[in-house]
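# Fold and contact review
Residues per chain, in single letters:
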Amino acid sequence: MADELYLLTLHAAARGLRSGTFSSVELTRSLLDRIESVDGRVGAYLTVTADLALEQAADADTRRASGRDGPLLGLPIALKDVLSTAGVQTTCASRILEGFIPPYDATAVTRLKNAGAVTLGKTNMDEFAMGSSNEHSGYKPARNPWNLDKVPGGSSGGSAAAVAADECLAALGSDTGGSVRQPAALCGCVGLKPTYGRISRFGLIAFASSLDQIGVLTKDVTDAALLLGVLAGHDPRDSTSADEPVPEYGGELNGDIGGLRIGVAPEYFGEGLDPQVGDSVRAAIDDLRGLGATEREISLPHTEYALPTYYVIAPSEASANLARYNGVKYGLSDPQATDVDEMMARIRGRGFGSEVKRRIMIGTFALSSGYYDAYYVRAQKVRTLIKSDFETAFQDVDVIAAPVVPSPAFDLGAKLDDPVAMYQSDIMTLPASLAGLPCMSIPCGFVDGLPVGLQLIAPPFAESRLLQAARAYERARGNLPAPLKAIDAA
């Protein structure tokens, strides 16, 4: 029993800890053993903090023995390496931050710790969260646990792979244009991106500040609700943090969805969608209808402009945010440089990977004199139109259902030489990100032995509605007949 504790969900593990069936130390050791056994093939982690995790687990057991509790007390969770962690290396999977030890925790990390969580380590990712396959990590690619020749998605590929490979009970990720939902779909786990501003971004190392949002990757919807309840809420240290009440998400998962109006936009089911992926998503929508929901066709006419809009706005913000990496205060340095200009050129040339350089150059061009109005300002206007499309749709529907990704996970290396093909992996997640909406991916089937995800999108701060619909579908779906994961077949 003890050696298979890594298979548990968060809420099942919480029950076991509260009943005394096992201790947090036993649970944590089970996960650390699992990481040691399989992560050499998966590559989900960049840093494993085994000693710290066992220390936190022992402290959690002591707290529980003294009668104290917490929503996550003693539960082991992984953190995407874009979140600042005091005393633990934080690199954003970039060589330019190799060896960087932050002096403080991100607010999300602080809230996990205050809830009693055990932190297992920092997960792999695309460098500075720029990528859709986790192949743009400055250290190593992560692999999909279902098929080790396939990508896990990105940029939170390490977090999704860690959850899917049972190397943690849950993980935090970040979602700028789909970086939680897309890898969740490709790895067969639940991925939730809340409303922009619902979770504090303090300590989340910035890629595109108007888009970045911390999200969660879990084994089921109940766990997503549990984690969101811990992380959500206003933070005065983040000027974009919303001062909105935080519902009791977990208490709202058992209601029925009779009368729920589900919007289906043909723009998400057109050219480029793998027919089998489309069939799986359509079947999931039919299941929701079988639970009493109604389906309505809606139109999101500016969806086709989301990809170019995103790839002007996000690189523009990245070019400003990444200007701070110059070899002076932290990260990679070059004592041999003879002047500041040479130092910065050499540091950035060595420290940034090709995809980060590409996006910095795109963004710098879009913000440059003579092009700012033609590109950046125009992109912001189109963003407003995309947001307006959703506002109009939500006058008639409660949630929108769509695919997450056009196809199942692709081969490692298949799109590395074609950036546009890589960017199109996020074509179905970008619109909701540009509009700042809460959305999530829920496993809904398999195509050629690889997972497929159903995407649900809700109005701002309607995470409860989103979770209720997702949980209703999850209950109706039951356990999916699934092939053996490659990581367990070896």
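Residues numbered from 1 in each chain as written. Predicted model: local features only at pLDDT ≥ 70, side-chain atom pairs only at ≥ 80, totals over all residues. Heavy atoms only, no water.

### Points about the overall build of the protein chain
Along the protein chain, the regular secondary structure elements total 16 helices and eleven strands. Against the 2.2 N^0.38 benchmark of 23 Å for 490 residues, the protein chain shows a C-alpha radius of gyration of 21 Å, consistent with a compact globule. Taking the principal axes of its C-alpha atoms as reference, the protein chain extends roughly 65 × 55 × 45 Å. Expressed as a percentage of the 490 residues in the protein chain, the buried residues total 60%. For the protein chain, the proportion of contacts with a sequence separation of at least 24, taken over those separated by at least 6, is 76%. For the protein chain, the computed accessible surface area is about 17900 Å², with 50% contributed by carbon and sulfur atoms. (Helix = DSSP H or I, 4+ residues; strand = E, 2+ residues; numbered from the N terminus. Rg over C-alpha atoms; globule rule 2.2 N^0.38 Å. Buried < 20%, exposed > 50% of the residue type's maximum accessible area, 1.4 Å probe, protein only. Contact = heavy atoms within 4.5 Å. Areas by Shrake-Rupley, 256 points an atom, 1.4 Å probe, with all protein chains shown as cover.)

### Some points on helix H15 (residues 463-477)
Given a rise of 1.5 Å per residue, 15 residues ought to cover 21 Å, and the 21 Å separating the end C-alpha atoms of H15 matches this to within 8%. Within the span of H15, buried status applies to Glu463, Ser464, Leu466, Leu467, Ala469, Ala470, Ala472, Tyr473 and Glu474. The secondary structure elements touched by the buried residues of H15 are strand S5 (190-193), helix H7 (221-231), helix H8 (275-290), strand S10 (439-447) and strand S11 (450-457). Just beyond H15, the residue with positive phi is glycine 478, at close to 70 degrees. (Expected span 1.5 Å × (residues − 1).)

### Concerning H7
Within H7, eight of the eleven residues are buried, which leaves the element mostly enclosed by the surrounding structure. Taking the backbone nitrogen of threonine 222 as reference, a side-chain oxygen 3.4 Å away marks aspartate 220 as the first, capping residue of H7. With its phi angle positive at about 130 degrees, glycine 233 sits one or two positions after the end of H7. (Polar contact = N/O pair within 3.5 Å; in protein donor to acceptor, adjacent residues only side chain to side chain.)

### So, unusual backbone geometry
Cis geometry is adopted by the peptide bond preceding serine 155, which originates at glycine 154 and carries an omega value of 5 degrees. Within the fold, serine 155 resides in the loop between strand S3 (118-123) and helix H5 (157-164). Residue asparagine 134 is not a glycine yet carries a positive backbone phi of 65 degrees. As for its position among the elements, asparagine 134 is in the loop between S3 and H5. Its identity as a non-glycine residue notwithstanding, phenylalanine 461 has a phi of 60 degrees, on the positive side. Mapping phenylalanine 461 onto the fold places it in the loop between S11 and H15.

### Digging into the pairing of S3
Across the six residues that make up S3, a large majority, six, are buried. Sheet topology places strand S1 (residues 45-48) next to S3; three bridges connect them, and they run antiparallel. Looking at the pairing, tyrosine 45 lines up with threonine 123 of S3. As judged from the four bridges shared by strand S2 (residues 76-80) and S3, these two strands associate in the parallel manner. The residue of S3 that forms the bridge with isoleucine 77 is threonine 119. Following the backbone out of S2, through helix H4 (residues 107-114) and into the adjacent parallel S3, one traces a crossover that is right-handed. (Pairing = 2+ DSSP bridges. Right-handed = clockwise from strand over helix to strand, strands pointing away.)

### Some words on the side chain of serine 319
Mapped onto the elements, serine 319 comes out in helix H9 (residues 306-321). Among the polar contacts listed, one links the side chain of serine 319 to the backbone oxygen of serine 316, at a separation of 2.8 Å.

### Some details on the packing of H7 against H15
The relative placement of two packed helices comes down to the angle between their axes together with the axis-to-axis distance. At a minimum axis distance of 9 Å, the contact between H7 and H15 shows a crossing angle of 160 degrees. One finds that H7 runs roughly antiparallel with respect to H15. Between H7 and H15 lies a crossing whose hand is left-handed. Taken together, the residues of H15 that come into contact with H7 (itself represented by Val221, Thr222, Ala224, Ala225 and Leu228) are Glu463, Leu467, Ala470, Arg471 and Glu474. Looking at the contact of H7 with H15, its residues break down into six nonpolar, one polar and three charged. (Axes fitted to C-alpha atoms, helices over the stretch in contact; angles between N-to-C directions. Parallel < 35°, antiparallel > 145°, perpendicular 65-115°, else oblique. Left-handed = near helix turned anticlockwise from the far one by under 90°. Nonpolar A, V, L, I, M, F, W, Y, C, P; charged D, E, K, R; others polar.)

### What to know about a nonpolar patch on the surface
A grouping of Phe365, Tyr371 and Tyr375 is seen on the molecular surface, where their side chains present a nonpolar patch of about 290 Å² in accessible area. Assignment of secondary structure puts phenylalanine 365 in helix H11 (residues 354-367). With a relative accessible area of 39%, phenylalanine 365 lands in the partly exposed category. (Patch = residues over 30% accessible without salt bridge, like charges linked within 9 Å, V, L, I, M, F, W, Y side chains within 5 Å. Salt bridge = Lys/Arg side-chain N within 4 Å of Asp/Glu carboxyl O.)

### Quick look at the sheet that holds S2
An order of S1-S3-S2-S4-S6-S5-S10-S11-S9-S7-S8 is seen for the eleven strands of this open sheet, with the pairing classed as mixed. Edge strands, defined here as strands with exactly one partner in the open sheet, are S1 and strand S8 (294-297). Pairwise comparison of adjacent strand axes, ignoring direction, gives a mean angle of 30 degrees for this sheet. Inspection of the sheet shows S10 paired to S11 by eight bridges, in the antiparallel sense. Directly across from proline 443, in S11, lies its bridge partner glycine 453. The sheet contacts of H15 involve S5, strand S9 (399-403), S10 and S11, and relative to S10 the element is tilted by about 20 degrees.

### With respect to the pairing of strand S7 (residues 261-264)
The two faces of a sheet get side chains in turn, since along a regular strand they alternate between them. As defined by bridge partners, S7 adjoins S8 across four bridges and the pair is classed as parallel. Bridging across to S8, isoleucine 262 finds its partner in glutamate 295. One crossover worth recording links S7 to the parallel S8 by way of H8, and it is right-handed. As judged from the three bridges shared by S7 and S9, these two strands associate in the parallel manner. The residue of S9 that forms the bridge with isoleucine 262 is valine 399.

### So, the state of the cysteines
Per the stated rule, a full pass over the model turns up zero disulfides. Left without a disulfide partner, cysteine 439 is nearest to the cysteine sulfur of cysteine 189, which lies 15 Å away. (Disulfide = S-S within 2.5 Å.)

### Side note on the packing of H9 against H11
Taken N-terminus to C-terminus, the directions of H9 and H11 make an angle of 100 degrees; their axes are 7 Å apart at the nearest point. Judged by the inter-axis angle, H9 sits roughly perpendicular to H11. When H9 is examined against H11, the residues Tyr311, Val312, Pro315, Ser316 and Ser319 are found in contact with a partner set consisting of Arg359, Ile360, Ile362, Gly363, Thr364, Ala366 and Leu367.

### Some points on a negative patch on the surface
A contiguous patch of negative charge on the surface is contributed by Asp3, Glu4, Asp33 and Glu36. Within the secondary structure, glutamate 4 is located in the segment before helix H1 (10-19). (Lys, Arg positive; Asp, Glu negative; His and termini not counted. Charge placed at Lys NZ, Arg CZ, Asp CG, Glu CD.)

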